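Structural features, examined
The primary structure of each chain is shown beneath.
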Amino acid sequence: EAGVAQSPRYKIIEKRQSVAFWCNPISGHATLYWYQQILGQGPKLLIQFQNNGVVDDSQLPKDRFSAERLKGVDSTLKIQPAKLEDSAVYLCASSLRRGTGDTQYFGPGTRLTVL
Amino acid sequence: AQTVTQSQPEMSVQEAETVTLSCTYDTSESDYYLFWYKQPPSRQMILVIRQEAYKQQNATENRFSVNFQKAAKSFSLKISDSQLGDAAMYFCAYRSGMGGGSEKLVFGKGTKLTVNP
């Protein structure tokens, strides 16, 4: 079974530029998560999708971050404009169903460096 | 809000020996899940072990076991017969079991485990 796929693996941009990350969850997984992991810290949830609907985006900086999950499969996370403090690893995870305690499986992440 | 604390930023162990990583959490909920994830330098988070709060029996997965003390809100990970491949960052994580809300994982800051040959 293929795991969670993410691209790109690395991205370097200048501040005020825009960037987008892509995630393809495990086949059949209805729930998708985006986490931000700043160096030296544990991951922090940015947004949770159930199919193509948003369950939790309370910690998403909506003035610059946006995310979508069209057709309830792939997802894209965008930052526009980027700030220096957005330098982090962005992790995508998926789980089979909501409300069942299913394990979240993580992708390899995208390391973003903002100069 | 729930919090997870890992008080050991770094730990080291000799190959083939046993090491215990500590984790405490704070919650007012009665239904929840606890996890240990491993993150090697490749960055991919890998599930090591999980524990449902309603289960009294401690979870085990081969060389990995937990000591779940619900009243003390403690969830430690024991790694037996440590191997070089166990070297990684280890994160303790909490997830609410209350239905209808966010199912986010709340992570601790991690413990960096070094395995010495």
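If you're wondering where the values come from, they're calculated on a predicted model, not measured in any experiment.

1. Section: the overall build of chain A
When helices and strands are tallied, chain A shows zero helices and eleven strands. Across chain A, helices and strands are ordered from the amino to the carboxyl terminus as β-β-β-β-β-β-β-β-β-β-β. Computed over the C-alpha atoms, the radius of gyration of chain A is 13 Å, within 12% of the 13 Å expected from 2.2 N^0.38 for a compact globule of 115 residues. A principal-axis box enclosing the C-alpha atoms of chain A has dimensions of 40 × 25 × 25 Å. Of all 115 residues assigned to chain A, the portion counted as buried reaches 47%. Per element, the accessible surface of chain A, about 5500 Å² overall, is 50% carbon and sulfur.

2. Details of unusual backbone geometry
The step from Ser7 of chain A to Pro8 of chain A runs through a cis peptide bond, and the omega angle for that step is -10 degrees. Structurally, Pro8 of chain A can be placed in the loop between strand S1 (5–7) and strand S2 (10–13). A cis amide bond, omega -5 degrees, links Gln80 of chain A with the succeeding residue Pro81 of chain A. By the element assignment, Pro81 of chain A lies in the loop between strand S8 (75–79) and strand S9 (88–95). With phi around 85 degrees, Arg43 of chain B is a residue other than glycine that occupies positive phi space. Along the chain, Arg43 of chain B turns up in the loop between strand S5 (32–39) and strand S6 (46–52).

3. Observations regarding the interface of chain B and chain A
Opposite the 21 residues of chain B that make contact, chain A presents 30 residues. Among the residues chain B hides against chain A, the three largest losses belong to Arg43, Glu103 and Lys104 of chain B. Together they make up 35% of the total. The tally of links between chain B and chain A comes to zero salt bridges. Run the count over chain B and chain A and you get eleven residue pairs in polar contact (both at pLDDT 80 or more). Secondary-structure elements contributing two or more residues to the side of chain B that touches chain A are S5, S6, strand S10 (88–96) and strand S11 (105–107) of chain B. Looking at the side of chain B that touches chain A element by element, the count peaks at four residues for S5 of chain B. Partitioning the side of chain B that touches chain A into residue classes produces eight nonpolar, seven polar and six charged.

4. Section: the side chain of Gln6 of chain A
Residues and elements named next belong to chain A. Following the sequence through the fold, Gln6 ends up in strand S1. Within polar-contact distance, the side chain of Gln6 engages the backbone oxygen of Tyr90 at 3.0 Å. Of note is the side chain of Gln6, whose polar atom sits 3.0 Å from the backbone nitrogen of Cys92.

5. Structural notes on the state of the cysteines
Residue and element names in this part refer to chain B. In total, this model carries two disulfides over all chains according to the counting rule given. With its sulfur 2.0 Å from that of its partner, Cys23 forms a disulfide with Cys92. In this structure the cystine formed by Cys23 and Cys92 twists about its S-S bond by roughly -70 degrees; its chirality is therefore left-handed. On the criterion of sequence distance, the pair formed by Cys23 in the loop between strand S3 (19–21) and strand S4 (24–26) and Cys92 in strand S10 is long-range, its members being 69 residues apart. Taken as a pair, Cys23 and Cys92 share a single burial class, namely buried.

6. A look at the sheet that holds S8 of chain A
Each strand in a sheet pairs with another by means of backbone hydrogen bonds, the pair being arranged parallel or else antiparallel. Residue and element names in this part refer to chain A. Here we have four strands laid out as an open sheet, ordered S1-S3-S8-S7, and antiparallel in their pairing. With one partner strand each, in any of the chains shown, S1 and strand S7 (65–68) form the two edges of the open sheet. Direction aside, neighbouring strands of the sheet carry axes that sit 15 degrees apart on average. Sheet topology places S7 next to S8; four bridges connect them, and they run antiparallel.

7. Topic: the nonpolar core
Inside soluble globular proteins, nonpolar side chains tend to come together where they are buried. Core analysis: the largest hydrophobic core is formed by 26 residues, its most contacted members being Tyr25, Trp36, Phe75, Leu77 and Tyr90 of chain B. Counting residues per element, the ones that place at least two in this core are S3, S5, S6, strand S8 (64–69), strand S9 (74–79), S10 and strand S12 (111–116) of chain B. When residues in this core are grouped by element, the largest group, four residues, is from S10 of chain B. In contact with Tyr90 of chain B, other than residues within four places in its own chain, are Gln6, Leu21, Trp36, Tyr37, Lys38, Val48, Phe64, Leu77, Ile79, Gly110, Thr111 and Leu113 of chain B. Core analysis: the next-biggest nonpolar cluster, separate from the first, contains 21 residues, Ile13, Cys23, Tyr90 and Cys92 of chain A among them.

Thresholds applied
Residues numbered from 1 in each chain as written. Chains lettered and ligands numbered in written order. Predicted model: local features only at pLDDT ≥ 70, side-chain atom pairs only at ≥ 80, totals over all residues. Heavy atoms only, no water. Helix = DSSP H or I, 4+ residues; strand = E, 2+ residues; numbered from the N terminus. Rg over C-alpha atoms; globule rule 2.2 N^0.38 Å. Buried < 20%, exposed > 50% of the residue type's maximum accessible area, 1.4 Å probe, protein only. Areas by Shrake-Rupley, 256 points an atom, 1.4 Å probe, with all protein chains shown as cover. Contact = heavy atoms within 4.5 Å. Buried area = accessible area lost by both parts, 1.4 Å probe. Salt bridge = Lys/Arg side-chain N within 4 Å of Asp/Glu carboxyl O. Polar contact = N/O pair within 3.5 Å; in protein donor to acceptor, adjacent residues only side chain to side chain. Nonpolar A, V, L, I, M, F, W, Y, C, P; charged D, E, K, R; others polar. Disulfide = S-S within 2.5 Å. Pairing = 2+ DSSP bridges. Axes fitted to C-alpha atoms, helices over the stretch in contact; angles between N-to-C directions. Core = buried A, V, L, I, M, F, W, Y, C linked by side-chain atoms within 4.5 Å.

Worth remembering: the numbers are spatial, not functional.
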